[in-house]
Amino acid sequence: MASTIPDPLPHSRGPEPAEGPHTTPSASDKAPADRATRVEAHGIDHIPDSERHGRPRELFSVWAAANVNYLSLVIGGALVLMGLTLWQAVAVIVIGNLFWLFTGLLATSGPAAGAPSEVITRALYGVLGNRVNNAIGGWLVSVCYFALNLAAAATAAFALVEKTGVTATTPVKIAVIVVIAALTLVISVYGHGLIMRLYLPITLALGAVFTVVGFFVVKHADFSYVPAEPLTGIDLWAVLVAGTTMIASGPLSYTTSADFSRYLPRTASKRAITGWTALGAFLPSVVVCSLGAVAATAVDMTDPQSALQTVLPGWFTPFFLLALVLGTISLNALTAYSAGLALQAVGLRIRRTVSVLFDGAVAVALTLYGLFVSNFLDTVSNALQVIVVLIGPLMAVYVTDIVLRRCRYDGRALSDETPGGPFWYTGGVNLAGALALLTGVASAALCVNTLYTGPIATALGGVDLSLPVGMTVAAALYALLMRRDPVVRAARTEA
């Protein structure tokens, strides 16, 4: 049953219990706002030590469930369709997924601050600058991803409905989309407690289904596959780099990993938090993406859902389609959860539950419009191909800040949005963070080769170096500009 505890407004600064590094919650006090059967009471407000609980290893299933999904199959198959050999594709998959280490490192800031990423980034961009960051890099990107993933899940669900003998007419399709979105939003609204409880069985179920899929795919695979016209020279390097960027865009989009670790005790091992987060995402991502690449050696992966059904036994197809839907729901529930926090962090004084429902309504509207009215989703998909020029530098600045501060964040100070507060900086903006991010984005834009070709990419024969260039420039400039910041210097001295 839903909690009667009110969800605090984003600027709530109500009284909290005294905290200290050795505070231990009693059994009766343990996470009263974070139980699976209650709607989570916290939004972007600070989590007191008395409500901290759990172990870092619980993060494994959260990230594993979200990364056993349809899009991973699609991307893995796309690498072979782009002209890579099977083993070149697998190498790209492994290298691209190593970026999950950054996601894991970001997760360590959650327990340190007792706050979500959407608040912690006030230290990077200032109180007002961070609102712009959350509006674009947080809320807008998340809602677009929600819509695209919802469309992918709906496609599998339409096929599942047809298997029952029901014709997937337009009203039926609309109903299916609404039901999938509703199931997703239930998880997001109930929040952290339900996510931590639910994602382990989801991981086990998805793992079982994809193990069966893998068995039948391997039976038909050609492990010596080489394209009719193998890529060589600059063309090969262009595809290898583009493929790595495409894979890396997944982990780089999760600059919100502290959202799911912030309830851990502040004394939780940072190494364990990093490792369980990164491993939970890395292993299923590599396996499912590789499965897509292996399948592409036997079937036409331009339509993965239909193609894979040709190598699966008929009795198993409904389970496969259901797994595609369930995996996408798991992924979108995390996306919607973080989008709700981002909307609060933009400055809107609404409860987390309301912001999550609003995000879901926008995503459903975009999905319906894209599927039934225009090619809007294609437009959004193309835009997200370019968004790597933003998410790469965003990740780089965040990682650099954690390193500079030795992951020492004051959650209470981060909650102070008043002028003159410790993170107000200059007119509400941290010029170091803003300049580093904008310079990194500009540098990446010069190197991009997706919807357009930047001048540096042109000079390099089409090789897209936007990801390494954007991240390197942003990180280096931020480190340079923040080296004399008094808070950073104090954190380094105390560490």
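Residues numbered from 1 in each chain as written. Predicted model: local features only at pLDDT ≥ 70, side-chain atom pairs only at ≥ 80, totals over all residues. Heavy atoms only, no water.

### What about the side chain of Ser338?
Next up, step 1: Here Ser338 lies in helix α14 (residues 317-345).
Next up, step 2: A polar contact of 3.3 Å, which involves the side chain of Ser338, links it to the side chain of Thr256. (Helix = DSSP H or I, 4+ residues; strand = E, 2+ residues; numbered from the N terminus. Polar contact = N/O pair within 3.5 Å; in protein donor to acceptor, adjacent residues only side chain to side chain.)

### Some words on the pattern of salt bridges
Next up, step 1: Counted according to the given criterion, the structure contains six salt bridges.
Next up, step 2: Arg262 serves as the salt-bridge partner of Glu40, at 3.0 Å between the closest nitrogen and oxygen. A residue pair is termed long-range when its members are at least 10 positions apart, and Glu40 in the segment before α1 (59-66) and Arg262 in the loop between α11 (233-252) and α12 (270-295) qualify at 222 residues. You'll find Glu40 and Arg262 in the same group, each marked buried. (Salt bridge = Lys/Arg side-chain N within 4 Å of Asp/Glu carboxyl O. Buried < 20%, exposed > 50% of the residue type's maximum accessible area, 1.4 Å probe, protein only.)

### Here's the deal with the nonpolar core
Next up, step 1: The biggest cluster of nonpolar side chains holds 139 residues, and the ones touching the most others in it are Tyr199, Phe320 and Tyr409.
Next up, step 2: Ranked by the residues each element gives to this core, the list is headed by α14, at 16 residues.
Next up, step 3: Non-local contacts of Tyr199, meaning those with residues more than four positions away in its chain, are made with Ser61, Val62, Ala65, Ile187, Ile329, Ser330, Ala333 and Leu334. (Core = buried A, V, L, I, M, F, W, Y, C linked by side-chain atoms within 4.5 Å. Contact = heavy atoms within 4.5 Å.)

### Quick word on the packing of helix α8 (residues 127-163) against helix α15 (residues 352-372)
The packing of two helices is summarised by the inter-axis angle and the distance between the axes.
Next up, step 1: Between α8 and α15, whose axes approach to 8 Å, the crossing angle comes to 50 degrees. As summarised for this structure, α8 and α15 are arranged oblique, according to the angle between their axes. When you trace α8 past α15, the crossing you get is right-handed. Side by side, α8 and α15 meet where Trp139, Val143, Phe146, Ala147, Leu150 and Ala151 of the first sit next to Phe358, Asp359, Gly360, Val362, Ala363, Val364, Leu366, Thr367 and Leu371 of the second.
Next up, step 2: When its residues are assigned to classes, the contact of α8 with α15 shows twelve nonpolar, two polar and one charged. (Axes fitted to C-alpha atoms, helices over the stretch in contact; angles between N-to-C directions. Parallel < 35°, antiparallel > 145°, perpendicular 65-115°, else oblique. Left-handed = near helix turned anticlockwise from the far one by under 90°. Nonpolar A, V, L, I, M, F, W, Y, C, P; charged D, E, K, R; others polar.)

### Section: a nonpolar patch on the surface
Next up, step 1: On the surface, Ile174, Val178, Tyr369, Leu371, Phe372 and Val373 cluster together to form a nonpolar patch covering roughly 480 Å² of accessible area.
Next up, step 2: Contributing elements (two or more residues each) for the nonpolar patch: α9 (170-190) and α15.
Next up, step 3: By the secondary structure assignment, Tyr369 is in helix α15. (Patch = residues over 30% accessible without salt bridge, like charges linked within 9 Å, V, L, I, M, F, W, Y side chains within 5 Å. Areas by Shrake-Rupley, 256 points an atom, 1.4 Å probe, with all protein chains shown as cover.)

### Quick word on the packing of α1 against helix α10 (residues 192-220)
Next up, step 1: Remark: α1 packs on α10, axes separated minimally by 8 Å, with the N-to-C direction vectors making an angle of 55 degrees. One finds that α1 runs oblique with respect to α10. For the pair α1 and α10, the crossing hand works out as left-handed. Facing α1, whose interface residues are Leu59, Ser61, Val62, Ala64 and Ala65, α10 presents Ile195, Met196, Tyr199, Leu200, Ile202, Thr203 and Leu206.
Next up, step 2: For the contact of α1 with α10, the per-class residue count stands at ten nonpolar, two polar and no charged.

### Quick notes on the confidence of the model for the protein chain
Next up, step 1: Counting all residues, the mean pLDDT for the protein chain is 88, and 90% of those residues have values of 70 or more.
Next up, step 2: The secondary structure element of the protein chain with the lowest average pLDDT is helix α16 (residues 376-386), at 60, and the one with the highest is helix α4 (residues 100-107), at 98. (pLDDT = per-residue confidence, 0-100.)

### Some details on the side chain of Thr297
Next up, step 1: Tracing the sequence through the fold places Thr297 in the loop between α12 and α13 (304-309).
Next up, step 2: The buried category is assigned to Thr297, whose relative accessible area is 13%.
Next up, step 3: At 3.0 Å, the side chain of Thr297 forms a polar contact with the backbone nitrogen of Asp222.
Next up, step 4: In this structure the side chain of Thr297 is engaged in a polar contact, spanning 2.5 Å, whose partner is the backbone oxygen of Val294.
Next up, step 5: In this structure, Thr297 is in contact with Leu86, Ala221, Asp222 and Tyr225, ignoring residues within four places of it in sequence.

### Some remarks on helix α19 (residues 431-447)
Next up, step 1: A rise of 1.5 Å per residue sets the reference length of α19, with its 17 residues, at 24 Å; its end C-alpha atoms lie 24 Å apart and thus fit the reference within 8%.
Next up, step 2: On its buried face, α19 is in contact with α7 (122-125), α17 (388-405), α20 (455-459) and α21 (466-481). (Expected span 1.5 Å × (residues − 1).)

### A few points about the packing of aromatic side chains
Next up, step 1: As enumerated under the stated definition, the model contains 13 aromatic pairs in all.
Next up, step 2: Ring plane angle 90 degrees and centroid distance 5.8 Å describe the contact between Trp63 and Phe260, whose orientation is recorded as edge-to-face. Within this pair, whereas Trp63 is found in helix α1, its partner Phe260 is found in the loop between α11 and α12, the two being separated by 197 residues in sequence. Residue Trp63 shares its accessibility class with Phe260, and that shared class is buried.
Next up, step 3: Aromatic side chains Trp87 and Phe223 sit 6.5 Å apart centroid to centroid with 25 degrees between the ring planes, which places their arrangement in the stacked category. A residue pair is termed long-range when its members are at least 10 positions apart, and Trp87 in helix α3 (residues 86-97) and Phe223 in the loop between α10 and α11 qualify at 136 residues.
Next up, step 4: Judged by relative accessible area, which is 54%, Trp87 ranks as exposed. (Phe/Tyr/Trp six-rings, centres within 6.5 Å; stacked < 30°, edge-to-face > 60°.)

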